[in-house]
Amino acid sequence: EDKVVQSPLSLVVHEGDTVTLNCSYEVTNFRSLLWYKQEKKAPTFLFMLTSSGIEKKSGRLSSILDKKELFSILNITATQTGDSAVYLCAVKDNYGQNFVFGPGTRLSVLP
Amino acid sequence: GAGVSQTPSNKVTEKGKYVELRCDPISGHTALYWYRQSLGQGPEFLIYFQGTGAADDSGLPNDRFFAVRPEGSVSTLKIQRTERGDSAVYLCASRDPSTDTQYFGPGTRLTVL
């Protein structure tokens, strides 16, 4: 059964800090890993990663995948209060079309 | 363009009642997913439609839960004889076939008293 673990589950930082969120997974036949940001109800898409070692970047956010060690990290530099949210990691395998989500990391950025 | 929409945004019902939750996916997205999210947890897969048919309903917790998508667009999640444990946010997502990425609706917060 596919499994996604995220750490830490909760994180409190101050504006300007850099944070690294972790996602490790167990998937029988890996296809892709996705990161989402959830502020209220709807998760919003951040990145999709399919290949190891290729960094995806969007502004202050970046992410990279290691398919050998079965994990991904999401980095946020120069954090702002607007970055406060739950960050979700999900994986998809090649067999079905189902996405398996981790529990999320709740990030709080204090002014 | 328009995103995934869900109605109602909030639903309060009494134990034992029947509820219907609606999802309107992004136009052109043939794949549609329902998830349930409890407080402090990630979304939990319920059911996935490809077109009109349920391609994978393995996440439905029991036979009180049922979903339909009769014309391959709008979907309705139906819950019979609701229980307090059904209280959660029910999220719908549709998948862009060109990028294989899911896009979520705002969810319906269901509260069973």
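In what follows, the accompanying structure is described.

Quick notes on the rules
Residues numbered from 1 in each chain as written. Chains lettered and ligands numbered in written order. Predicted model: local features only at pLDDT ≥ 70, side-chain atom pairs only at ≥ 80, totals over all residues. Heavy atoms only, no water. Salt bridge = Lys/Arg side-chain N within 4 Å of Asp/Glu carboxyl O. Phe/Tyr/Trp six-rings, centres within 6.5 Å; stacked < 30°, edge-to-face > 60°. Helix = DSSP H or I, 4+ residues; strand = E, 2+ residues; numbered from the N terminus. Buried < 20%, exposed > 50% of the residue type's maximum accessible area, 1.4 Å probe, protein only. Contact = heavy atoms within 4.5 Å. Buried area = accessible area lost by both parts, 1.4 Å probe. Polar contact = N/O pair within 3.5 Å; in protein donor to acceptor, adjacent residues only side chain to side chain. Nonpolar A, V, L, I, M, F, W, Y, C, P; charged D, E, K, R; others polar. Disulfide = S-S within 2.5 Å. Pairing = 2+ DSSP bridges. Axes fitted to C-alpha atoms, helices over the stretch in contact; angles between N-to-C directions.

A word on the pattern of salt bridges
Next, step 1: Tallied over the entire structure, the rule returns 9 salt bridges over all chains.
Next, step 2: Linking arginine 22 of chain B and aspartate 24 of chain B is a salt bridge whose minimum nitrogen-to-oxygen distance equals 3.8 Å.

Here's the deal with the packing of aromatic side chains
Next, step 1: On inspection of all chains with the given rule, the structure shows 12 aromatic pairs over all chains.
Next, step 2: On the numbers, 5.8 Å between centres and 45° between planes, the contact of tyrosine 36 of chain A with phenylalanine 101 of chain A is tilted. Note that tyrosine 36 of chain A is positioned in strand S4 (residues 30-38) and phenylalanine 101 of chain A in strand S10 (residues 99-101), a separation of 65 residues in sequence. The same class applies to tyrosine 36 of chain A as to phenylalanine 101 of chain A, namely buried.
Next, step 3: With centroids separated by 6.2 Å and ring planes inclined at 15°, the aromatic side chains of tyrosine 33 of chain B and tyrosine 35 of chain B adopt a geometry described as stacked. Note on accessibility: tyrosine 33 of chain B and tyrosine 35 of chain B belong to one class, buried.
Next, step 4: An aromatic cluster is built from Tyr36, Phe45, Phe99 and Phe101 of chain A together with Tyr33, Tyr35, Phe45, Tyr48, Tyr103 and Phe104 of chain B, whose rings are joined through pairwise contacts.

Structural notes on the interface of chain A and chain B
Next, step 1: Every contact between the two is made by 17 residues of chain A and, on the other side, 25 residues of chain B.
Next, step 2: Broken down residue by residue, the surface that chain A buries against chain B is led by Lys41, Gln97 and Phe99 of chain A, which jointly contribute 36%.
Next, step 3: Run the count over chain A and chain B and you get 2 salt bridges.
Next, step 4: At the junction of chain A with chain B, the criterion picks out 4 residue pairs in polar contact (both at pLDDT 80 or more).
Next, step 5: At the level of secondary structure, the elements contributing two or more residues to the side of chain A that touches chain B comprise S4, strand S5 (43-49), strand S9 (85-93) and S10 of chain A.
Next, step 6: Top element by residues in the side of chain A that touches chain B is S4 of chain A. It accounts for 4 residues.
Next, step 7: Class assignment for the residues of the side of chain A that touches chain B results in 10 nonpolar, 4 polar and 3 charged.

Topic: the state of the cysteines
Residues and elements named next belong to chain B.
Next, step 1: The tally for this structure, following the rule as stated, stands at 2 disulfides over all chains.
Next, step 2: Two residues, cysteine 23 and cysteine 92, share a disulfide whose sulfurs are 1.8 Å apart. Across the S-S bond of cysteine 23 and cysteine 92 the torsion is about -65°, and the bridge reads as left-handed. Taken together, the residues span a long stretch of sequence, with cysteine 23 in strand S3 (residues 19-24) and cysteine 92 in strand S9 (residues 88-96) at a distance of 69 residues.

A few points about the sheet that holds strand S7 (residues 61-66) of chain A
All names here are of chain A.
Next, step 1: Strand order across the open sheet formed by 5 strands is S1-S3-S8-S7-S6, with antiparallel pairing between neighbours. On the outer flanks of this sheet lie strand S1 (3-7) and strand S6 (56-58), each paired with one strand and no other. Averaged over all neighbouring strand pairs, the angle between strand axes comes to 15°, with direction disregarded.
Next, step 2: In the sheet, S1 pairs with strand S3 (residues 19-26) via 5 bridges, with the strands oriented antiparallel. By the bridge assignment for S3, glutamine 6 is matched with cysteine 23.

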